[in-house]
Amino acid sequence: MDMGPSAIRIAGVRPELEALGLDVREIGGVTASAPELSTLGESATRYLEEVTDVCRRTRDLVRKALDAGCLPLVLGGDHSLAAGSVAGVAGYHGDRDEKIGLLWVDAHSDMNTPETTPSGNIHGMSLAVLLGRGAPPLRALSPSAAVSPEHTCVLGARSVDVTEAPWVRDSGIRVITMSELDERGVNVCVNEALEITTSGTAGVHMSFDLDVIDPQIAPGVGTPVRGGLTYREAHLICEKSSRTGKLLAMDMVELNPVMDHENRTARLAVGLIASALGKTIL
Ligand SMILES: [Mn+2]
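Residue numbering note: each chain is counted from 1, following its sequence as written. Where local features are concerned, this predicted model is filtered to residues with pLDDT of at least 70; where side-chain atom pairs are given and counted, the filter is 80 or more; whole-chain, interface and lining totals use all residues. Water and hydrogen atoms play no part in the side-chain values, which are based on all heavy atoms of the structure.

### Re the packing of helix α9 (residues 186-198) against helix α10 (residues 231-243)
(1) Moving on: Here, axes are lines fitted to C-alpha atoms. For helices the fit covers the stretch in contact, and angles between N-to-C directions go from 0 to 180 degrees. Helix and strand assignments follow DSSP, with helices taken as H or I runs no shorter than four residues and strands as E runs no shorter than two, numbered in order from the N terminus. Direction vectors running N to C along α9 and α10 enclose 35°, while the axes themselves pass 10 Å from each other. The way α9 lies across α10 gives a crossing that is right-handed. Along the contact surface, α9 presents V186, N187, V190, N191 and L194, while α10 presents E233, L236, I237, K240 and S241.
(2) Moving on: The nonpolar class holds Ala, Val, Leu, Ile, Met, Phe, Trp, Tyr, Cys and Pro. Asp, Glu, Lys and Arg form the charged class, and all remaining residues, Gly among them, are polar. Considered class by class, the residues forming the contact of α9 with α10 number 5 nonpolar, 3 polar and 2 charged. Less than a right angle of anticlockwise turn of the near helix away from the far helix marks a crossing as left-handed, whereas a clockwise turn marks it as right-handed. Residues count as neighbours in contact if any of their non-hydrogen atoms are within 4.5 Å of one another.

Set out below in structure tokens:
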């Protein structure tokens, strides 16, 4: 995962955004030491200390970008970073007495806690942390829960651990599964997701996990699950988010170049970022 941001840069994210007339500022990378050199820690929260440190630095950079009047675009990397990036956006708006919406576009619901996780991987816990549940060091990145359930929507879920499912159902967040997307169509579902996340909020933070897309199109991800979004469905989500004019920040995560074919998934990520930041066909 550590090569993900480089792959997205190499795939041309900067020229693509500059072609839209945007002023692109690179404010630096957040690196972690190699897993084999880090302390594994508790088995229910693997590498908690390292991950917390990465999230804290991500939060602070996101905050710095917002203070400078920029829209933060966070490239990843492991989805655990969202515990930091969303905390940064929530903190900035919280200081202005504003709430934020969170659109979690993902094959997974990422709502495990140390009590429910089958793997101990923190990338499966980041949404829980943002809703105020999970490992205390990660929760401490925000003074209180970064987002409230009524402004949170998961879109594209098709892999929820049996141990995490009860809380996903009881949490009060809206989860639009792949099967609902199949049944009702992506357009109606995206409209609903954007309504939930932008009504009564300053705007929406879109946390986009590339594994939401079908692995035949996006093979370069950490945890592929078949039965995902098509190329156009993924673009429509980004295009419609842009059209709200209320996109506050975006994460584009879980790119794993080791699994990719000729940087195809990274190029896809660049196209989706461009759509979310205003690129249209005509
Ligand atoms: Mn995820």
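Next comes the rest of the account.
### Details of the sheet that holds strand β4 (residues 174-177)
(1) Moving on: Paired strands, as defined in this entry, are two strands with at least two bridges between them according to DSSP. Pairing is parallel across the open sheet formed by 6 strands, whose spatial order is β1-β6-β5-β2-β3-β4. In the strand order of this sheet, the two ends are held by β1 (73-75) and β4, each with one partner. Going across the sheet, the axis of each strand differs from the next one's by a mean of 10°, ignoring polarity.
(2) Moving on: Taken together, the 6 bridges between strand β5 (residues 204-209) and strand β6 (residues 247-253) define a ladder with parallel strand orientation. Across the sheet, the residue bridging to V204 is L247, located in β6.

### Thoughts on the coordination of the manganese ion
(1) Moving on: Donor atoms from the polypeptide that coordinate the manganese ion comprise H79 (ND1), D106 (OD), D110 (OD) and D209 (OD), at 2.0 to 2.3 Å from the metal.
(2) Moving on: Here a donor is an N, O or S atom found within 2.8 Å of the metal, or within 3.2 Å if the metal is Na, K or Ca; sites may look incomplete because water is not among the atoms. For the manganese ion, the single-chain donor residues occur in sequence as H-x26-D-x3-D-x98-D. Of this pair, H79 sits in the loop between β1 and α4 (82-94) while D110 is found in the loop between β2 (101-105) and α5 (126-130), placing the two residues 31 residues apart along the sequence.
(3) Moving on: A simple rule labels every residue: compare its accessible area, found with a 1.4 Å probe on the protein chains alone, to the largest value its type can have, and call it buried under 20%, exposed over 50%, or partly exposed in between. Under the relative-accessibility criterion, D110 is labelled buried at 4%.

### Regarding the pattern of salt bridges
(1) Moving on: Salt bridge, as applied in this entry: a Lys or Arg side-chain nitrogen positioned within 4 Å of an Asp or Glu carboxyl oxygen. Going through the model one piece at a time under the given rule, you end up with 14 salt bridges.
(2) Moving on: Notably, a salt bridge pairs R57 with D53, separated by 3.1 Å at the nearest N-O pair. Here the residue R57 and the residue D53 both occupy positions in helix α3 (residues 48-67), the gap between them amounting to 4 residues, near one helical turn.
(3) Moving on: Taking relative accessible area as the criterion, R57 reaches 31% and is therefore assigned partly exposed.
(4) Moving on: For R63, the salt bridge is made with D95, and the minimal N-O distance between the two is 2.6 Å. Residue R63 is located in helix α3, and its partner D95 is located in the loop between α4 and β2; the two are separated by 32 residues in the primary sequence.

### Observations concerning helix α11 (residues 264-276)
(1) Moving on: Counted at 1.5 Å a residue, the expected span for α11 with its 13 residues is 18 Å, and the 19 Å between its end C-alpha atoms agrees.
(2) Moving on: Counting buried positions over the 13 residues of α11 gives 10, a clear majority of the element.
(3) Moving on: Looking at the buried positions of α11, the neighbouring elements they touch are α1 (4-10), α2 (13-18), β1, β5, α10 and β6.
(4) Moving on: Count one or two residues on from α11 and you reach G278, which has phi positive near 115°. Multiplying one less than the number of residues by 1.5 Å gives the expected span of a helix.

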